[in-house]
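If you want the building blocks of each chain, they are given just below.
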There are 2 protein chains.
Amino acid sequence: MQLATVRFAAGTAAAARIDDSWHELGAPDLSALLASGADCRPGAPIDGAVPVLPLPRPEKVVCCGLNYGDHISETGRAEPSHPTLFAKYADTLIGPGSDITVPAGLQVDWEAELAVVVGRELRNATVLEAEDGIAGYTVANDISIRDWQCRTPQWFQGKAWDATTPLGPVVVTPEELDPVAGIEVICRVNGLERQHGNTKTLVFDCATLLSYISTFTVLRPGDVVLTGTPGGVGMAMDPPTYLDDGDVVETEIPGIGTLTNTVRFR
Amino acid sequence: MQLATVRFAAGTAAAARIDDSWHELGAPDLSALLASGADCRPGAPIDGAVPVLPLPRPEKVVCCGLNYGDHISETGRAEPSHPTLFAKYADTLIGPGSDITVPAGLQVDWEAELAVVVGRELRNATVLEAEDGIAGYTVANDISIRDWQCRTPQWFQGKAWDATTPLGPVVVTPEELDPVAGIEVICRVNGLERQHGNTKTLVFDCATLLSYISTFTVLRPGDVVLTGTPGGVGMAMDPPTYLDDGDVVETEIPGIGTLTNTVRFR
């Protein structure tokens, strides 16, 4: 099933897709729906529904770096024994079609990623419990300000710029998608393919990441975990290549959808 | 003025101290008071008021590492050109007197710190604007799980354990305290002094940190910034020394107060 937060004339709503239309689920957005623990019972169709940022204010957005072999190689690091984790804030998130707004003069890079949405509270969860706790999958781009990321040993300040992380357009429930079997993760810049990875090569799969994180901090319905980016980032190109004002970033996972976001220097 | 969130028979309240009693400020806690933008007009005294975690759910808790010369030296690093920042979640926070609860077998270390509480929305703030935006100062201990912190290049997973970061007991407003002129930051373990620094040796002062952070993410009333720890952490001792079940950690900043928290292995 495809779930989304949609905008329509009267506001926003959590919605499920049936054929080509979006049907209301009795909550103002997917965060509220997941927090309520209610079942997904599609109601009336919503006229003029357009998917927006699916999870408007997740409390936790945890990101895993260095999780694809080809990306680990291009950064010159060894394969890690544990997930490399960092946090970003809900303020970083933007929806499908929204602009990636950054000041001019920064090294703005792309990182297409599969994102996992948490469906139930996870504390010290086993991998199997974590797998059961996945509400679904969506697409993210962990747009990174490389010069700030590399100023200090901690990446956070290059990863937490407001309004830079596209997420969406929809959340696909687990029975329709199996990242362990393999789904493609693609990034195009101005139509040119820059990344094309497959989640079957993830060092730490989705359930393993959720289980690991839940060892130290509780994950709640609507929290989001970004699973890392495959090879092909701009920083690793020769010469290093960054996003410019007006560049169009397309982030695609077949089976979920495509995020199209334009870089705007402010 | 000293501000706190206090617990009393009927619940919790934001309160201001007048002489030896706590007076209500018309909000359920300091987070709500700061978010409302209301002036502090102390009302009736509250019977049996006891300070608890002053900011129950800050949206952002940003931490600066490597910000005192003696601590930078003990970690073997050079003085940084930019603040080293990482995030922790509100779930990490505990109040005065609460236990630091961690599983047995981890390398649990202390990090006494001055914490700054944001009083107004800061976006791209100059240092002067940031200084005007400080609601006050409180005490924190950035208890760190060193083995997890050192598993990967990113410290986050050693810093974000739920219920490990004491904060409080009160928030002191800026006219009573000047960290640039110098205030002491002290940590004792089982009565033995382990850290004793002074904020006048901070590489990046409070207003500089808030201004810097506000370049990439908005800070809102009630958000908290931890300013780093002075030398004397357990990891740097010879041999390295960590906290054990039942150890009592006292974190003191004269002019604000003392946090007393006991380590409990769960």
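Owing to the predicted nature of the structure, the values given are computational and were not obtained by experimental measurement.

## Here's the deal with the nonpolar core
Judged by nonpolar contacts, the single largest core of 120 residues is most densely connected at Leu210 and Ile256 of chain A together with Leu210 and Ile256 of chain B. With residues near it in sequence (within four places) discarded, Ile256 of chain A still touches Gln2, Leu114, Tyr137, Thr138, Val139, Val170, Val172 and Leu177 of chain A.

## Some thoughts on the sheet that holds strand S17 (residues 248-253) of chain B
Residue and element names in this part refer to chain B. Across the sheet, five strands lie side by side as S8-S18-S17-S14-S15; this open sheet has mixed pairing. Strands at the two margins of the open sheet, each flanked by one partner only, are strand S8 (100-102) and strand S15 (192-198). Averaged over all pairs of adjacent strands, the angle between their axes in this sheet comes to 20°, without regard to strand direction. In this sheet, strand S18 (residues 257-265) lies alongside S17 in antiparallel orientation, the contact comprising six bridges. Counterpart to Val248 in the pairing with S18 is Thr262.

## Focus: the domain arrangement of chain A
Residues and elements named next belong to chain A. Domain annotation of chain A identifies domain 1 (2-52) and domain 2 (61-265). Listed per partner, the contact involves nine residues of domain 1 and 14 residues of domain 2. Where domain 1 meets domain 2, there are zero salt bridges. Where domain 1 packs against domain 2, one counts one residue pair in polar contact (both at pLDDT 80 or more). Broken down by secondary-structure element, the contributors of at least two residues to the side of domain 1 that touches domain 2 are strand S1 (2-8), helix H1 (30-36) and strand S4 (50-52). Its residues assigned to classes, the side of domain 1 that touches domain 2 comprises eight nonpolar, one polar and no charged.

## What to know about the interface of chain A and chain B
Counting residues at the interface gives 33 residues for chain A, matched by 33 residues for chain B. Both sides of the chain A and chain B interface together cover about 3,100 Å² of buried area, and 53% of this is carbon and sulfur. Of all residues in chain A, Tyr89, Gln154 and Phe216 of chain A give up the largest surface area on contact with chain B, accounting jointly for 24% of the area buried on that side. Across the chain A-chain B interface, the total number found is six salt bridges. Among the salt bridges present, the one from Asp91 of chain B reaches Lys60 of chain A, with a minimum N-O distance of 2.6 Å. Across the chain A-chain B interface, the total number found is 23 residue pairs in polar contact (both at pLDDT 80 or more). Breaking the side of chain A that touches chain B down by element, the ones donating at least two residues are strand S5 (61-65), strand S6 (84-88), helix H5 (156-159) and helix H6 (206-216) of chain A.

## A few points about empty space enclosed by the protein
Where empty space is left can be seen by rolling a probe of water-molecule size over the atoms. Under the defined criterion, the tally for this structure stands at two cavities of 30 Å³ or more. Looking at the lining of the largest cavity, the elements with two or more residues in it are S6 of chain A together with strand S6 (84-88) of chain B. Considering only residue class, the lining of the largest cavity consists of seven nonpolar, two polar and no charged. Considered as a void within the structure, the second largest cavity measures approximately 30 Å³ in volume. Among the residues making up the lining of the second largest cavity, the classes are represented as seven nonpolar, no polar and no charged. Each of two domains, domain 1 (2-52) and domain 2 (61-265) of chain B, supplies a minimum of three residues to the lining of the second largest cavity.

## Re a negative patch on the surface
All names here are of chain A. Side chains of Glu129, Glu131, Asp132 and Asp178 sit close together on the surface and give a patch of like negative charge. Tracing the chain through its elements places Asp132 in helix H3 (residues 127-132). Note on Asp132: relative accessible area 53%, which makes it exposed.

## Some remarks on the relation of the copies chain A and chain B
When chain A is brought onto chain B, the operation consists of a screw motion whose angular component is 180° and whose axial shift is 0.0 Å, with 0.0 Å RMSD remaining. With respect to symmetry, the two chain copies, as superposed, fit the operation of a two-fold axis. In this assembly the copies share their binding face: 100% of the residues contributing to the interface of chain A also contribute to that of chain B.

## What to know about helix H6 (residues 206-216) of chain B
Residues and elements named next belong to chain B. By the criterion of burial, H6 is predominantly enclosed, with nine of the eleven residues buried. Taken residue by residue, H6 has Cys206, Ala207, Leu209, Leu210, Ser211, Tyr212, Ile213, Ser214 and Phe216 as its buried positions. Looking at where H6 begins, the residue whose side-chain oxygen comes 3.3 Å from the main-chain nitrogen of Ala207 is Asp205.

## Let's talk about the UniProt feature "domain: Fumarylacetoacetase-like C-terminal" (unreviewed entry) in chain A
Annotation from UniProt places "domain: Fumarylacetoacetase-like C-terminal" (unreviewed entry) at residues 60-264 of chain A. In this annotation, residues 60-264 of chain A is assigned 15% helix and 35% strand; the end-to-end C-alpha distance for the span is 26 Å.

## Looking at the sheet that holds strand S14 (residues 184-189) of chain A
Residues and elements named next belong to chain A. In spatial order, the strands read S8-S18-S17-S14-S15; together these five strands make up an open sheet with mixed pairing. In the strand order of this sheet, the two ends are held by strand S8 (100-102) and strand S15 (192-198), each with one partner. Direction aside, the axes of adjacent strands within the sheet are offset by 20° on average. As defined by bridge partners, S8 adjoins strand S18 (residues 257-265) across three bridges and the pair is classed as parallel. Within S18, the position partnered with Ile100 by the bridge is Val263.

## Looking at the layout of surface pockets
Residues and elements named next belong to chain B. Considering only enclosed or pocket space, the largest pocket measures out at about 330 Å³ in volume. Forming the boundary of the largest pocket are 17 residues, of which Leu34, Ala38, Cys40, Gly119 and Ala135 lie nearest the centre. Elements that contribute at least two residues to the lining of the largest pocket include exactly helix H1 (30-36) and strand S11 (134-141). Its residues assigned to classes, the lining of the largest pocket comprises nine nonpolar, four polar and four charged.

## Here we look at the pairing of strand S3 (residues 21-24) of chain A
On a regular strand, one side chain projects to one face of the sheet and the next to the other, so that they alternate. Residue and element names in this part refer to chain A. Across four bridges, strand S2 (residues 11-18) lies against S3 in antiparallel orientation. The residue of S3 that forms the bridge with Ala16 is His23. Joining the antiparallel neighbours S2 and S3 is a turn of two residues, in which Asp19 adopts a positive phi near 55°.

## Considerations on the packing of aromatic side chains
Where two aromatic rings form a pair, the distance of their centres and the angle of their planes describe that pair. All chains considered together, the criterion is met by 14 aromatic pairs over all chains. Between Trp148 of chain B and Trp161 of chain B, the ring centres sit 5.0 Å apart and the planes meet at 90°, which makes this aromatic pair edge-to-face. Linking Trp148 of chain B in helix H4 (residues 146-149) with Trp161 of chain B in the loop between helix H5 (156-159) and strand S13 (165-172), this pair joins segments that are 13 residues apart in sequence. Neither residue differs from the other here; Trp148 of chain B and Trp161 of chain B are each classed as buried. What links up through ring pairs into an aromatic cluster is the set Tyr89, Trp148, Phe156 and Trp161 of chain A together with Tyr212 and Phe216 of chain B. Over the aromatic face of Trp148 of chain A sits the side chain of Arg151 of chain A, whose NZ or CZ is 4.0 Å from the ring centroid.

What counts and what doesn't
- Residues numbered from 1 in each chain as written.
- Chains lettered and ligands numbered in written order.
- Predicted model: local features only at pLDDT ≥ 70, side-chain atom pairs only at ≥ 80, totals over all residues.
- Heavy atoms only, no water.
- Core = buried A, V, L, I, M, F, W, Y, C linked by side-chain atoms within 4.5 Å.
- Buried < 20%, exposed > 50% of the residue type's maximum accessible area, 1.4 Å probe, protein only.
- Contact = heavy atoms within 4.5 Å.
- Pairing = 2+ DSSP bridges.
- Helix = DSSP H or I, 4+ residues; strand = E, 2+ residues; numbered from the N terminus.
- Axes fitted to C-alpha atoms, helices over the stretch in contact; angles between N-to-C directions.
- Domains from an automatic or database assignment.
- Salt bridge = Lys/Arg side-chain N within 4 Å of Asp/Glu carboxyl O.
- Polar contact = N/O pair within 3.5 Å; in protein donor to acceptor, adjacent residues only side chain to side chain.
- Nonpolar A, V, L, I, M, F, W, Y, C, P; charged D, E, K, R; others polar.
- Buried area = accessible area lost by both parts, 1.4 Å probe.
- 1 Å grid on protein atoms, 1.4 Å probe; cavity = no way out; pocket = protein on both sides within 12 Å on 5 of 7 lines; lining within 4 Å.
- Points joined across faces, edges and corners; volume = space filled by probe spheres on them.
- Patch = residues over 30% accessible without salt bridge, like charges linked within 9 Å, V, L, I, M, F, W, Y side chains within 5 Å.
- Areas by Shrake-Rupley, 256 points an atom, 1.4 Å probe, with all protein chains shown as cover.
- Lys, Arg positive; Asp, Glu negative; His and termini not counted.
- Charge placed at Lys NZ, Arg CZ, Asp CG, Glu CD.
- Least-squares fit on C-alpha atoms with pLDDT ≥ 70 in both.
- UniProt positions renumbered as here; feature names shortened; annotations may be inferred.
- Phe/Tyr/Trp six-rings, centres within 6.5 Å; stacked < 30°, edge-to-face > 60°.
- Lys NZ or Arg CZ within 6 Å of the ring centre and 35° of its normal.

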